[in-house]
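Residue strings, one per chain:
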Amino acid sequence: MNASSATASGTDDRAKGGLPHEDRPHRSGFACFVGRPNAGKSTLTNALVGTKVAITSTRPQTTRHTVRGIVHRPEAQLVLVDTPGLHKPRTLLGERLNDVVRTTWAEVDVIGFCVPADQKIGPGDRFIAGELAELKKRTPKVAVVTKSDLVTSEALAEQLLAVDQLGRELGIEWAEIVPVSATEGSQVDLLAELLVPLLPEGPPLYPDGDLTDEPEQVMVAELIREAALEGVRDELPHSIAVVVEEMVPREDRPADRPLLDIHANIFIERPSQKGIVIGPKGKRLKEVGSTSRRHIEALLGTPVYLDLHVKVAKDWQRDPKQLRRLGF
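Residues numbered from 1 in each chain as written. Predicted model: local features only at pLDDT ≥ 70, side-chain atom pairs only at ≥ 80, totals over all residues. Heavy atoms only, no water.

Visitor: Would you take a moment to explain unusual backbone geometry for this structure?
Guide: Trans is the common state for peptide bonds, and a negative phi is the common state for residues other than glycine. Its identity is not glycine, yet Q187 carries a phi of approximately 65°, on the positive side. With respect to the helices and strands, the residue Q187 is situated in the loop between β6 (176-179) and α6 (188-195). Judged by relative accessible area, Q187 falls into the partly exposed class, the value being 23%. Positive phi, close to 65°, is recorded for D252, a residue that is not glycine. Structurally, the position occupied by D252 is in the loop between β7 (241-249) and β8 (260-268). (Helix = DSSP H or I, 4+ residues; strand = E, 2+ residues; numbered from the N terminus. Buried < 20%, exposed > 50% of the residue type's maximum accessible area, 1.4 Å probe, protein only.)

Visitor: Mind showing me how you'd approach the packing of aromatic side chains here?
Guide: Here a ring pair, both rings aromatic, is described through the centre-centre distance and the interplanar angle of the planes. Inspection of every chain in the model, using the stated rule, returns 1 aromatic pair. A centroid spacing of 5.5 Å and a plane angle of 5° characterise the contact between F113 and W174, whose relative ring orientation is stacked. Residue F113 is found in strand β4 (residues 110-116), and its partner W174 is found in the loop between α5 (153-170) and β6; the two are separated by 61 residues along the sequence. By relative accessible area, which is 2% here, W174 ends up buried. Sitting over the face of the ring of Y305, R250 holds its NZ or CZ atom 5.6 Å from the ring centroid. (Phe/Tyr/Trp six-rings, centres within 6.5 Å; stacked < 30°, edge-to-face > 60°. Lys NZ or Arg CZ within 6 Å of the ring centre and 35° of its normal.)

Visitor: Which parts of the structure should I look at to understand α6?
Guide: The periodicity of an α-helix, 3.6 residues per turn, causes residues three or four positions apart to be oriented the same way. Among the 8 residues in α6, 7 count as buried, and that is most of the element. Among all positions of α6, only V188, L190, L191, A192, E193, L194 and L195 are buried.

Visitor: How do you make sense of the sheet that holds β7 when you look at a structure like this?
Guide: By way of backbone hydrogen bonds, the strands of a sheet pair with one another, either parallel or antiparallel. Strand order in the open sheet formed by 3 strands is β7-β8-β9, with mixed pairing between adjacent strands. In the strand order of this sheet, the two ends are held by β7 and β9 (304-312), each with one partner. Neighbour to neighbour, the strand axes of the sheet diverge by 15° on average, direction disregarded. Where β8 meets β9, 9 bridges bridge the pair, whose relative direction is parallel. (Pairing = 2+ DSSP bridges. Axes fitted to C-alpha atoms, helices over the stretch in contact; angles between N-to-C directions.)

Dropping the structure here:
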């Protein structure tokens, strides 16, 4: 297996098997993207699904839940499981996130190993690839070189070869090696075409039109957390948790002018962090509210009144009782 298999010519035909959609058996199953934090897994999930189902951030380790995005094809249904990045845990929350990753790996039909094109393969990549090498051999593994738009074609070719070499060193036989740019949409469709033949034959697992199986309240909370993460200090992101306390239609509204009342709490770990989230004269919190409300209205398709409060849950990342209360 060499890195040239990533080119669209030939591979696409092989993935399609040379048969029209109606003559091919329907396939359905779960695929999981893994990689070190900030390798572009959530952005890639959103690009494949065609809408935002996983929050993205410039901060690493922002994914906390396994978000399932559903890709519908005439001949297949590909269910994407987006896990937190595997990392060296410093808190109980970190340990639980790593447990989520390993449990997910053991249950999916195909694994996509994500490596950013603009960063040399490092110890984090090697650690994760080593863990993958220990997995049962029958689970196909596809190497995905993300963020291909950020490098020259020469640098991209070097990274593809480096990923191929990493597989050889660890005894991993990559089913495919493919470069993608999720932000530009480059080769995203090709990646889907390569993943589909690796799924088992079977009927659709979700109704046509479903894009995720995440509860709406969880997705709303994630959209608020995404907005709260933007522009805060480096030490703050992992201290933020969001809980939606209530989502209820406003009473006495005419049918053609509905309004959904959403009450949510943003939790931080220390009183000193409160001012960072709220900002001078409440400016940051207002920005968080207006940004997240736009995304929530797009997600739910209805006007929203969003009521946000910032509360302190002291050292919640290290407290089992608080973790349970916040949904971890």
